[in-house]
Amino acid sequence: MHDLKEIRKDFSTFEEALKKRLVNIDLNILKDLDIQNRDLIQKKELLEKEKKDISKSKDKSLFAKSKEISRSIDKLYEKQKKIRSDLEKILSNIPNTPHVDVPIGKNDNDNVEVTRSGEIPEFDFKPMSHYEIGEKLDMLDFDLATKTTGSRFVFVKKKLALLERAISNFMLDIHITKNGYEEISPPLLASENSMFGTGQLPKFENDQFEVKLDEGGERKFLIPTAEVILTNIVKDRIIGLNLLPMRFVASTPCFRKEAGSYGKDTKGMIRQHQFYKVEMVSIVEQTKCMEELERMTNCATGILDLLELPYRKVILCSGDMGFSAEKTYDIEVWLPSENKYREISSCSSCGTFQAVRMKTRYKNQKKETLFPGTLNGSGLAIGRTLIAVMENYQQKDGSIRIPKVLRPYMNNLEKISVN
RNA sequence: GGAGAGGUGGCCGAGUGGUUGAAGGCGCACGCUUGGAAAGCGUGUAAAGGGGAAACCCUUUCAUGGGUUCGAAUCCCAUUCUCUCCGCCA
């Protein structure tokens, strides 16, 4: 969410920045409400002062008047409350503005490749897709998932399940021991308020799985990414400078409705309602976002380097970024069966956008209270890493070689084949 | 599910109708002390909103929302969250 005070300073610049995101929002309404709001606040405060003075004076002859003032204040307050909630409604639906580094564009066609890395494997046979490999090995079972649950779920079985677990543990270990992240095993449900904090709500409710706890309390949602729960660790808090930067990592299941992607990636486990992901989150001083974004992206690509998988790094254009992001790098891994790169990680700086929503602040050196920057990135999507390993390491006989770094996590298994 | 207790500043914790934004402690910052550190001593240290070029001023805030009152952290009601005990269960 944008800080109204900041927007107010320069409406036109803000409007320009928003245009880059191709959103159509009439800022005149916002401007107008803001003026009305402040006007009402001033009137109300004037009356409050008067009332306060009477109460302090303890002059009985003025008590009746004080009561009258109370009624006027109530009226003003009702009006102001309505306007403020209108303001907040508008503000909470405005996406973050793009950082100056971000290329202007409409959609993923306008994203810009930054680097490529790794060798694209060559096969002397036609490489199979991960689901062909998996089904032949009887280690991926989509039909079974359809039977027990429904579409867009999968059973991963036997050695492939072990491989999936190995990938998760391997990534976590690297981030914890080499990259300075604190390991967290978080709740998989998030409150409505937490979902608001990171920007999933109110705008993207259709993508979320809501869970009924029949408590009558606050609504709860299955996390679409651990970003939600890890970032909200600092919700409603003022953080001491000595605690920054904070870096958290968790490996969790993620749940998404994938509304609006009907017909997309229906085959295989590229796009599921449930998938595992290792997620990194950083909370940093607001001046250090770009620095941290580079660092975090390197943590993600570092995993692919170790797994010896070919990938490229892409910077998303203004029109393709997520709601809360100010700058995003996607990392795309090579998938032989599709003969193209597919997203395996997305690292974003949200600037102060989420901090404002979460009411997270920190004290800087000058003891000023400021909103920190928040960043999140996959390090990496586990399901898609599994796919990438299967496809890039596949052998003519339908077996899969195991990347060297994963073998210690799999009893030194070198190859997955039938039986 | 049954019974009870409680939500106060960055944190802990006093405070039961009138300068209480709120004692005390911890933490933090600065200064003194020291060869340097620790300890010790001294000083300072809430947030949000509004106004102002600024100094600064004003309003609000003791879980949330209502109520009583000229006046509420303090009294009443509702909601919510947390903790303890019992039951149930991984």
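Here the structure is shown first, and the text comes after it.
Below: a short report on this structure. (Residues numbered from 1 in each chain as written. Chains lettered and ligands numbered in written order. Predicted model: local features only at pLDDT ≥ 70, side-chain atom pairs only at ≥ 80, totals over all residues. Heavy atoms only, no water.)

**Quick notes on the overall build of chain A**
Each helix and strand counted, chain A has 12 helices and 18 strands in total. Reported as C-alpha extents along the three principal axes, the dimensions of chain A are approximately 95 × 45 × 40 Å. Expressed as a percentage of its 419 residues, the buried residues of chain A come to 49%. Within chain A, residue pairs in contact and separated by at least 24 positions form 73% of the contacts whose partners lie at least 6 positions apart. Carbon and sulfur atoms form 48% of the exposed surface of chain A, whose accessible area is close to 21300 Å². The distance from the centre of the 68 positive side-chain charges to the centre of the 63 negative ones in chain A is 5 Å. (Helix = DSSP H or I, 4+ residues; strand = E, 2+ residues; numbered from the N terminus. Buried < 20%, exposed > 50% of the residue type's maximum accessible area, 1.4 Å probe, protein only. Contact = heavy atoms within 4.5 Å. Areas by Shrake-Rupley, 256 points an atom, 1.4 Å probe, with all protein chains shown as cover. Lys, Arg positive; Asp, Glu negative; His and termini not counted. Charge placed at Lys NZ, Arg CZ, Asp CG, Glu CD.)

**Considering the pairing of strand β9 (residues 246-255)**
Within β9, 9 of the 10 residues are buried, which leaves it mostly tucked inside the rest of the structure. Note that strand β4 (residues 182-183) and β9 share 2 bridges and pair parallel. For Glu-182, the partnering residue across the bridge sits in β9 and is Phe-248. (Pairing = 2+ DSSP bridges.)

**So, the environment of Asp-143**
Among the secondary structure elements, Asp-143 is positioned in helix α6 (residues 142-148). Residue class for Asp-143 comes out exposed when judged on its relative accessible area of 61%. Residues Asp-143 and Gln-80, 63 residues apart in the sequence, show an inter-C-alpha distance of 57 Å.

**Observations regarding the pattern of salt bridges**
In the structure shown here, the tally under the stated rule is 30 salt bridges. For the salt bridge of Glu-292 with Arg-247, the shortest nitrogen-to-oxygen distance reads 2.7 Å. One end of the pair, Glu-292, is in helix α10 (residues 289-307); the other, Arg-247, is in strand β9, and 45 residues separate them in sequence. Judged by relative accessible area, which is 5%, Glu-292 ranks as buried. (Salt bridge = Lys/Arg side-chain N within 4 Å of Asp/Glu carboxyl O.)

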